[in-house]
There are 2 protein chains.
Amino acid sequence: MTVTEAAADRLVRIGEVARGAGVSVRAVRYYEQQGLLIAERSPSGQRLYRQDAVTLVRFFQQMFAAGLTSRRIAELLPCWDSGHTDAEQRAMLRAERDRIQAKVDDLQAALDRLDEVIAITDTHP
Amino acid sequence: MTVTEAAADRLVRIGEVARGAGVSVRAVRYYEQQGLLIAERSPSGQRLYRQDAVTLVRFFQQMFAAGLTSRRIAELLPCWDSGHTDAEQRAMLRAERDRIQAKVDDLQAALDRLDEVIAITDTHP
DNA sequence: CTAAAACCTGACGTTGACGTCAGAGGCAAG
DNA sequence: CTTGCCTCTGACGTCAACGTCAGGTTTTAG
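Residues numbered from 1 in each chain as written. Chains lettered and ligands numbered in written order. Predicted model: local features only at pLDDT ≥ 70, side-chain atom pairs only at ≥ 80, totals over all residues. Heavy atoms only, no water.

Colleague: So what exactly am I meant to see when it comes to the relation of the copies chain B and chain A here?
Modeller: Superposing the two chain copies requires a rotation about an axis and a translation along that axis. With an axial shift of 0.0 Å and an RMSD of 0.1 Å, the rotation relating chain B to chain A amounts to 180 degrees. The transformation relating the two chain copies, once decomposed into turn and shift, fits a two-fold axis. Taking C-alpha positions as reference, the residue of chain B nearest the rotation axis is V104(B), located at 2.9 Å. Same-surface contact between copies: 100% of interface residues of chain B are shared with the interface of chain A. (Least-squares fit on C-alpha atoms with pLDDT ≥ 70 in both. Contact = heavy atoms within 4.5 Å.)

Colleague: I tried to follow the protein's contact with DNA strand D on my own but got confused; where do I start?
Modeller: Surrounding DNA strand D, one finds 22 residues, the nearest of these being G15(A), R47(A), S24(B), Y31(B) and S70(B). Close to the protein, within 4 Å, the atoms of DNA strand D are drawn from sugar and phosphate at a rate of 76%. At 2.7 Å from a phosphate oxygen of DNA strand D is found a main-chain nitrogen or oxygen belonging to G15(A). The contact in question runs from a phosphate oxygen of DNA strand D to an N or O atom on the side chain of S70(B), over 2.9 Å. Elements with a contribution of two residues or more to the surface near DNA strand D: α2 (14-21) and α3 (25-33) of chain A together with α3 (25-33) and α4 (53-65) of chain B. For the surface near DNA strand D, the element with the highest residue contribution is α3(B), accounting for four residues. Class assignment of the residues belonging to the surface near DNA strand D gives a composition of six nonpolar, nine polar and seven charged. (Near = heavy atom within 4 Å. Polar contact = N/O pair within 3.5 Å; in protein donor to acceptor, adjacent residues only side chain to side chain. Helix = DSSP H or I, 4+ residues; strand = E, 2+ residues; numbered from the N terminus. Nonpolar A, V, L, I, M, F, W, Y, C, P; charged D, E, K, R; others polar.)

Colleague: When you look at the domain arrangement of chain A in this model, what are you seeing that I'm missing?
Modeller: By a frequent convention, interface size equals the accessible area lost on bringing the separate parts together. All names here are of chain A. The domain architecture assigned to chain A consists of domain 1 (1-83) and domain 2 (85-125). Between the C-alpha centres of domain 1 and domain 2 there is a distance of 29 Å. A buried area of about 750 Å², summed over both sides, lies between domain 1 and domain 2, and 65% of it is on carbon and sulfur atoms. Interface area lost by domain 1 to domain 2 is led by R72, L76 and C79, which between them contribute 46%. Across the contact surface, domain 1 and domain 2 share one salt bridge. With its nearest N and O atoms 3.0 Å apart, the salt bridge here joins R72 to E96. One can count three residue pairs in polar contact (both at pLDDT 80 or more) joining domain 1 with domain 2. (Domains from an automatic or database assignment. Buried area = accessible area lost by both parts, 1.4 Å probe. Salt bridge = Lys/Arg side-chain N within 4 Å of Asp/Glu carboxyl O.)

Colleague: Hey, could you run me through the sheet that holds strand β1 (residues 11-12) of chain B in this one?
Modeller: Pairing between the strands of a sheet is mediated by backbone hydrogen bonds and can be parallel or antiparallel. Residues and elements named next belong to chain B. The strand order across the open sheet formed by three strands is β1-β3-β2, and the pairing between neighbours is antiparallel. Strands with a single pairing partner mark the edges of an open sheet, and in this sheet they are β1 and β2 (40-41). Where β2 lies against strand β3 (residues 47-50), two bridges are found, and the strand directions are antiparallel. Its bridge partner lying in β3, R41 is registered against R47. (Pairing = 2+ DSSP bridges.)

Colleague: When you look at the protein's contact with DNA strand C in this model, what are you seeing that I'm missing?
Modeller: Residues in contact with DNA strand C amount to 20 residues; listed here are only the nearest, S24(A), Y31(A), S70(A), G15(B) and R47(B). Each atom of DNA strand C within 4 Å of the protein was classed as base or backbone; sugar and phosphate made up 73%. Interatomic distance of 3.5 Å between a side-chain N/O atom of S44(A) and a phosphate oxygen of DNA strand C. One nitrogen or oxygen atom from the side chain of R41(B) is found 3.2 Å from a phosphate oxygen belonging to DNA strand C. Of the residues forming the surface near DNA strand C, the biggest block, four residues, is contributed by α3(A). Of the residues assigned to the surface near DNA strand C, the class counts are six nonpolar, eight polar and six charged.

Colleague: What is the right way to read the environment of D52(A) from this model?
Modeller: When you line up the elements, D52(A) lands in the loop between β3 (47-50) and α4 (53-65). Taking the C-alpha atoms as reference points, D52(A) and H84(A), separated by 32 residues in sequence, lie 21 Å from one another.

Structure (structure tokens):
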């Protein structure tokens, strides 16, 4: 085992994960409760995470921002972990993609309306 | 008063507004409660709306989809009604615009990640 | 006239991702 | 040893835009 691998396996506590990902400690515990994040436990019961948990939490945040629920993320996690998907998962992936695309279009339309008003009210003191 | 004006002033009940805008009757009542929509009342107490209420409700839906709260929409309604804004309103308009733009960027990033996985899992049965 | 459909007020329920509080340990520093 | 920070497990609170139910009135269709 190399030094690099040893560093990669360094375990961190929940506070460091939370700070690293810019979320609350409560949020990280919530992700575990929802089956998104698995932690080892120290002898005294404290959660211990691998460092890449920070990356994972950031990814969760991105998916939450896109409107996916924790349940959906949990169902799709194997797609990232294993790179393999069944028909149901592929269907879900496409459904989410289409939903997000539709949302982007809606937001863009709302943006256009706001810009329209801004332009009018700026030239119309 | 012309026929056209008479038709424009035709008052409709809440069910017609809801069906026309594709929302629930409950939603329309909620908008009134939040100060977004004002209705006259028939002698028996039923709400009577002008036909353009349908357009207004659709607009509310669009703003809700963009993440604005009913409070914020109420604060910005004068911008649409009068075309006039004070400094505070202009600041809010820009803040919302920027927030929506940021959200569009976030969604686009999430979309790219999903498309990436979809591409991989499609070529990787 | 009567039954169905639509409307009214008021009030509690829902959902998701956490926030927050209480009470009890755990851990390095001085 | 104790001070102070971190962590633990519950468990209740929050917010927004409605859903839903109860119990009653009004309008409409036949």
